[in-house]
Amino acid sequence: MGQTLAVAEAEVRKLRHDPVELLTRAIQPTLWLLVFGQVMSQLRGISSDGVSYRDFLAPGILAQSVMFIAIFYGISVIWERDSGVLYKYMVSPAPRWALVVGKALGSEVRSLTQASVIWILSALIGVHLRLELGAILGMLVLALLGSAIFVTLSLIIACLVKTRERFMGIGQLLTMPLFFASNAIYPISLMPAWLRVVAHINPLTYLVDGLRTLMLTGGSSAFGLGLDFAVLGLSTLLLVVIAARLYPTILT
Amino acid sequence: MPTPTSSEASGPLAVETVGLTRAYDTLIAVADVNISIPKGSVFGLLGPNGAGKTTTIKMLTTLLHPSQGQARVAGFDVVRQAAQVRQYIGYVPQMLSADADLSGYENLLIFSKLYRIPAGERQQRIEETLSFMGLSEVARTLVRHYSGGMIRRLEIAQSLLHHPQVLFLDEPPWVLTRRLAMPSRNTCGPCGSAGGLRSFSPPITWRRPRSCVRLWLSCIKAGW
Ligand SMILES: Nc1ncnc2c1ncn2[C@@H]1O[C@H](COP(=O)(O)OP(=O)(O)OP(=O)(O)O)[C@@H](O)[C@H]1O
Ligand SMILES: [Mg+2]
């Protein structure tokens, strides 16, 4: 456990030395929320499950930005391999899973800052947010789980493709389909049948679904919070196991 | 050649390999290496570029699985007991490997935690190591602003923090020879490249006579 935290601590300390990155990363979701959200809510064509489109969109954008940060995080491991830092971690007695979980935790700091920025922004533009402590904590836990899934997925990809160029290619290839084949910006009910199937195996869908319930006063869950947490928790566990096994192979 | 007494001798030996071999696809980088290095000695591994020194060290530090053969470091098998091996070794890779986005102190702090150095001892251990390597003044500076030699010194500090029993230095910088009593320049060979290995018998004595340097001239590449 201490070793896991040490790996995460390294990430946090780096962010402290260079916090600008945190701000620049908040720009894109802000644009989504303000520009896209404003324009789309004029359309009134989208039936957004009983809440206003602006409310509907906020959890989707929160989930999306958490995912975007997480899914490109793996490139830092490729950097560390190329610079040699990773070799030192690998010869340390810390178990491989501790290294993986530590990396994921380190990235959670970014995700949570991002989530907070979007939450505050949502409050400012008048999204009907739930303000009970329980709901807010639940939301944070969900964001943590969601981020953990995509970080570990990202680490797995890094171990498989091994180079920065290929990693960026795959990352870009993955994010858009994951985003569009989810309930982030429109309800699943609007999708053609085949896309619905994809959306149902997309972890982002469960993240968004849970967030809608916990963030919005009028929000309702399509799957139930229990299933959302179960899907996200089990996926994280599975991906951590795979990532821990693959992690040493990134060196060769 | 394989030492017949390998199993009995594994106790006092810092490093022992039997038929250690590693292939990258079809290229045999390290072929049938047999080394026995007693504890408390300094051992230099020499060979031209591409001879397989780094590959050998990577196998001994558990980073790379041998294709064939066995190796024991500090008495533990590098494949089956990798976790124990890692506990007892220090390693300075050939590449610069300190984290450039952290300060020297932070680099050491993170690793003191990875090596489970008790919280009460950490500060003292870090300060001791920093001053031993002459880095106290730049401890709070980001490594990005260090010179090459300073980074090298920091990496050695990092690898000594947990008082390893066996220290692997891939391409030890000759600047440090006096400080660590490493093999002197003349062990460097015609091609200017050497993998180094230093084995301590605890308690660590920093200065060892040069006479304990043993060289193993490498002909470890296949057909070489
Ligand atoms: N990851 C790899 N994939 C394929 N071949 C490799 C890999 N790493 C090393 N090799 C090859 O293995 C051989 C041994 O390489 P190694 O790095 O062990 O040599 P070295 O003795 O450390 O050389 P140097 O003095 O340049 O550091 C070389 O022919 C090299 O091309
Ligand atoms: Mg080398």
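Residues numbered from 1 in each chain as written. Chains lettered and ligands numbered in written order. Predicted model: local features only at pLDDT ≥ 70, side-chain atom pairs only at ≥ 80, totals over all residues. Heavy atoms only, no water.

Novice: If you had to explain the site of ligand 1 to someone new, which residues and values would you point to?
Specialist: Residue and element names in this part refer to chain B. In the vicinity of ligand 1, 15 residues are found, and the nearest of them are Gly50, Lys53, Thr54, Thr55 and Gln94. One of the backbone N or O atoms of lysine 53 is found 2.7 Å from an oxygen atom in ligand 1. In the environment of ligand 1, an oxygen atom lies 2.6 Å from a nitrogen or oxygen atom belonging to the side chain of threonine 54. When isolated, ligand 1 has an accessible area of 640 Å², and the protein chains bury 65% of it. Every element with two or more residues in the shell around ligand 1 is listed here: β2 (27-33) and α2 (53-60). Per-element tally for the shell around ligand 1: the top contributor is α2, with 3 residues. (Near = heavy atom within 4 Å. Polar contact = N/O pair within 3.5 Å; in protein donor to acceptor, adjacent residues only side chain to side chain. Areas by Shrake-Rupley, 256 points an atom, 1.4 Å probe, with all protein chains shown as cover. Helix = DSSP H or I, 4+ residues; strand = E, 2+ residues; numbered from the N terminus.)

Novice: Kindly report on the coordination of the magnesium ion (ligand 2), identifying the contributing residues and their values.
Specialist: Residue and element names in this part refer to chain B. Only Thr54 (OG1) and Gln94 (OE1) from the protein reach the magnesium ion (ligand 2) as donors, at distances of 1.8 to 2.2 Å. Separated by 40 residues along the polypeptide, threonine 54 in helix α2 and glutamine 94 in the loop between β7 (89-92) and α4 (104-114) bring together distant segments of the chain. The exposure class of threonine 54 is partly exposed, given its relative accessible area of 22%. In this structure glutamine 94 comes out as partly exposed when scored by relative accessible area, which is 38%. (Donors = N, O, S within 2.8 Å, 3.2 Å for Na, K, Ca; no water. Buried < 20%, exposed > 50% of the residue type's maximum accessible area, 1.4 Å probe, protein only.)

Novice: Talk me through the confidence of the model for chain B; I want residue IDs and the actual numbers.
Specialist: Residues and elements named next belong to chain B. Residues of chain B with pLDDT of at least 70 account for 71%, and the chain-wide mean is 74. The spread of mean pLDDT over the elements of chain B runs between strand β10 (residues 213-217), the lowest at 39, and α4, the highest at 95. For the stretch residues 1-10, pLDDT sits under 50, and the model shows 11 contacts to residues farther than four places along the chain or on other chains. Below pLDDT 50 for its whole length, residues 177-224 participates in 138 contacts with residues either more than four positions away or in separate chains. (pLDDT = per-residue confidence, 0-100. Contact = heavy atoms within 4.5 Å.)

Novice: I'd like to hear about the packing of helix α6 (residues 96-124) of chain A against helix α11 (residues 225-246) of chain A, residue by residue, with values.
Specialist: Residue and element names in this part refer to chain A. α11 packs onto α6 with a crossing angle of 120° between their chain directions and a minimal axis gap of 8 Å. The angle between α6 and α11 falls in the class oblique. Our pair here, α6 against α11, has a crossing hand that is right-handed. Contacts from Arg96, Trp97, Val100 and Val101 of α6 reach α11 at Val240, Ala243 and Ala244. In terms of residue class, the contact of α6 with α11 is made up of 6 nonpolar, no polar and 1 charged. (Axes fitted to C-alpha atoms, helices over the stretch in contact; angles between N-to-C directions. Parallel < 35°, antiparallel > 145°, perpendicular 65-115°, else oblique. Left-handed = near helix turned anticlockwise from the far one by under 90°. Nonpolar A, V, L, I, M, F, W, Y, C, P; charged D, E, K, R; others polar.)

Novice: Describe the pattern of salt bridges, and please don't skip the residues or the numbers.
Specialist: Residue and element names in this part refer to chain A. Using the criterion set out here, one finds 16 salt bridges over all chains in the structure. The shortest N-O distance in the salt bridge between lysine 103 and glutamate 80 comes to 3.0 Å. Taken together, the residues span a long stretch of sequence, with lysine 103 in helix α6 and glutamate 80 in helix α4 (residues 75-83) at a distance of 23 residues. On the basis of relative accessible area, lysine 103 is assigned to the buried category, the value being 3%. Judged by relative accessible area, glutamate 80 falls into the buried class, the value being 6%. Of the charged contacts, one joins aspartate 82 and arginine 164 as a salt bridge, the two residues approaching to 2.8 Å between their closest N and O atoms. Within this pair, whereas aspartate 82 is found in helix α4, its partner arginine 164 is found in helix α8 (residues 164-180), the two being separated by 82 residues in sequence. Residue aspartate 82 is classed as partly exposed on the basis of its relative accessible area of 31%. (Salt bridge = Lys/Arg side-chain N within 4 Å of Asp/Glu carboxyl O.)

Novice: Which residues make up the interface of chain A and chain B, and what are the values?
Specialist: Each partner contributes to the interface: chain A provides 26 residues, whereas chain B provides 29 residues. Buried surface at the junction of chain A and chain B, summed over both partners, amounts to about 2,500 Å²; 63% is from carbon and sulfur atoms. The three residues of chain A that bury the most area against chain B are Lys88(A), Val91(A) and Pro93(A), which together make up 28% of that side's buried surface. Inspection of the region where chain A meets chain B yields 3 salt bridges. For the salt bridge of Glu9(A) with Lys113(B), the shortest nitrogen-to-oxygen distance reads 2.5 Å. Sorting the residues of the side of chain A that touches chain B by element identifies α1 (2-17), α4, α5 (85-91) and α6 of chain A as the ones contributing at least two each. The dominant element in the side of chain A that touches chain B, judged by the number of residues it contributes, is α1(A), at 8 residues. Class assignment for the residues of the side of chain A that touches chain B results in 12 nonpolar, 6 polar and 8 charged. (Buried area = accessible area lost by both parts, 1.4 Å probe.)

Novice: So what about the nonpolar core? Which residues, and what values?
Specialist: Ranked by size, the top nonpolar core spans 124 residues in total, and within it Tyr89(A), Tyr247(A), Ile250(A), Val73(B), Leu114(B) and Phe168(B) carry the most contacts. In contact with Tyr247(A), not counting residues within four places along its chain, are Val77(A), Leu86(A), Met90(A), Leu99(A), Val100(A), Lys103(A), Leu155(A) and Cys159(A). Of all hydrophobic cores here, the second largest spans 5 residues; its members include Ala181(A), Ile188(A), Met191(A) and Leu195(A). (Core = buried A, V, L, I, M, F, W, Y, C linked by side-chain atoms within 4.5 Å.)

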